[in-house]
Amino acid sequence: MLFRSVGVPRGECFGLLGVNGAGKTTTMRMITGDTEITSGDVFVGGHSVHTHRDKARQHLGYCPQFDALPDKLTVKETVALYARIRGVPAGRVQQCVQDMIKCMCLEAHQDQCCEYLSGGNKRKLSTALALIGDPDVILLDEPSTGVDVGARRFLWEVIGGLRERGHAIVLTSHAMEECQVLCTRLTIMVHGQFRCLGSPMQLKSKYGGGYTLTIKADLTNDSNQETNNAASACAVPIEADNKSEGSGNSKPFGETILSIKGFMNQMVPEAKDRKSVV
């Protein structure tokens, strides 16, 4: 199914979900006008990106996938620079700097050069730069990639607050969990095309059938016998990888799970009726 026209109204967070190479970042770059649109058009705030690119960009805030920060400027200097580029009046630049730093909880790092910031703080700063000028449409290209759990949750709260205040948000992500928390609608992209469209719950109920099996094992020598005994009880032969103990056994743990499909059929009987269990 191909979708010829998709709109993102105020107060909505629209998610682009897909693997690497699906076309998420390219879609973002077409919205900003950095990549030429070969067919069709994009309208931002009623202005065509194709014919009125500068006017369309006045309504946009963009957080790229990779942090584009000046290494030798401090956090305060970076926000002030982008505020001037954005067109914030000179008398309001300092207030804008304070507001953005406070919004992203970067007070402790405001005098630190960008090159010395942690990955999480760089993503916070990149997100702050996208919010300068209170744009109507905010593009966030994998904003939580490479950050720890605490920073990720913080960014999710900020993005949720932006949506509640009436901003239109377009978000790219690899994780359904992130889209489920933030997005009111999302699409799954494959080779540059929208293959399905709906709310996270609609897509999960339609395409989310099946089970996820996670196996964890303590591979130290003291627990090898216990691990094998537990595996035998489940009819899943497992040989622990003792490479870390210097025994020379370098067989990958994944290769030792010899009958995982039988294990799934034993533990989840209703899965037998499915064509693919694993």
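### Topic: the pattern of salt bridges
Where charged atoms from two side chains of opposite charge approach closely, those side chains can pair. Under the definition given, this model contains 8 salt bridges. A salt bridge links D67 to R123, with the shortest nitrogen-to-oxygen separation between them at 2.7 Å. On the criterion of sequence distance, the pair formed by D67 in the loop between β4 (60-63) and α3 (75-86) and R123 in helix α5 (residues 119-131) is long-range, its members being 56 residues apart. E115 serves as the salt-bridge partner of K72, at 3.0 Å between the closest nitrogen and oxygen. Of the two residues, K72 sits in the loop between β4 and α3 while E115 sits in the loop between α4 (93-103) and α5, which places them 43 residues apart along the sequence. With relative accessibility at 63%, the residue K72 sits in the exposed group. On the basis of relative accessibility, which here comes to 26%, the residue E115 falls in the partly exposed class.

### Some words on the environment of R123
Overall, R123 belongs to the buried group, its relative accessible area being 2%. A distance of 3.4 Å separates the side chain of R123 from the backbone oxygen of Q65, its partner in a polar contact.

### Considering unusual backbone geometry
The phi dihedral of C105 is positive, around 55°, even though this residue is not glycine. Within the secondary structure layout, C105 lies in the loop between α4 and α5. Judged by relative accessible area, which is 41%, C105 ranks as partly exposed.

### Observations regarding the sheet that holds strand β7 (residues 185-190)
Read across the open sheet, the 6 strands follow the order β4-β5-β6-β1-β7-β8; overall the sheet is mixed. Strands with a single pairing partner mark the edges of an open sheet, and in this sheet they are β4 and β8 (193-198). Neighbour-to-neighbour, the strand axes of this sheet turn through a mean angle of 15°, independent of strand direction. Both strand β1 (residues 13-17) and strand β6 (residues 168-173) contribute to a ladder of 5 bridges, which runs parallel. Bridged to C13 within β6 is I169. The strands touched by α5 within the sheet are β4 and β5 (137-141), with β4 carrying the most contacts at an inclination of about 170°.

### Things to note about the packing of aromatic side chains
As enumerated under the stated definition, the model contains 1 aromatic pair in all. On the numbers, 6.3 Å between centres and 45° between planes, the contact of F14 with F194 is tilted. With a gap of 180 residues between them, F14 in strand β1 and F194 in strand β8 connect regions that are remote in the sequence. Taking the relative accessible area as the measure of exposure, F14 reaches 3% and is therefore buried. What makes F194 buried here is its relative accessible area of 17%. The aromatic ring of F154 is capped on one face by K124, whose charged end is 4.6 Å from the ring centroid.

### Concerning the nonpolar core
Grouped together as the largest cluster of nonpolar side chains are 40 residues, with contacts concentrated most on V79, M100, M104, L125, I132, L140 and I169. Looking at this core, the elements that each hand over two or more residues are β1, α3, α4, α5, β5, α6 (149-164), β6 and α7 (176-182). When residues of this core are assigned to their parent elements, the largest contribution, 6 residues, is made by α6. Not counting residues up to four positions away in its chain, the partners in contact with M104 are K124, T127, A128, L131, F154, L155 and V158. Judged by nonpolar contacts, the second largest core, of 17 residues, contains F14, M28, I37 and V170.

### Thoughts on the side chain of H167
Within the fold, H167 resides in the loop between α6 and β6. With a relative accessible area of 8%, H167 lands in the buried category. Apart from residues no more than four positions distant in its own chain, H167 is found in contact with R10, G11, E12, D134, P135, D136, I138 and L162.

### Regarding the side chain of R123
A polar atom in the side chain of R123 sits 3.2 Å from the backbone oxygen of P143. Every residue in contact with R123, bar those within four places of it in the chain, is listed here: C63, P64, Q65, F66, D67, D141, E142, P143, T145, V147 and L155.

### Some details on the pairing of β7
In the sheet, β1 pairs with β7 via 4 bridges, with the strands oriented parallel. Residue F14 lies in a different strand from β7, and its bridge partner there is R185. Pairing analysis gives 5 bridges linking β7 to β8, with the strands arranged antiparallel. Residue T187 lies in a different strand from β8, and its bridge partner there is L197. From the end of β7 to the start of β8, which pair antiparallel, there are 2 residues, and H191 there has a positive phi angle of about 55°.

Reading the values: rules and limits
Residues numbered from 1 in each chain as written. Predicted model: local features only at pLDDT ≥ 70, side-chain atom pairs only at ≥ 80, totals over all residues. Heavy atoms only, no water. Salt bridge = Lys/Arg side-chain N within 4 Å of Asp/Glu carboxyl O. Helix = DSSP H or I, 4+ residues; strand = E, 2+ residues; numbered from the N terminus. Buried < 20%, exposed > 50% of the residue type's maximum accessible area, 1.4 Å probe, protein only. Polar contact = N/O pair within 3.5 Å; in protein donor to acceptor, adjacent residues only side chain to side chain. Pairing = 2+ DSSP bridges. Axes fitted to C-alpha atoms, helices over the stretch in contact; angles between N-to-C directions. Contact = heavy atoms within 4.5 Å. Phe/Tyr/Trp six-rings, centres within 6.5 Å; stacked < 30°, edge-to-face > 60°. Lys NZ or Arg CZ within 6 Å of the ring centre and 35° of its normal. Core = buried A, V, L, I, M, F, W, Y, C linked by side-chain atoms within 4.5 Å.

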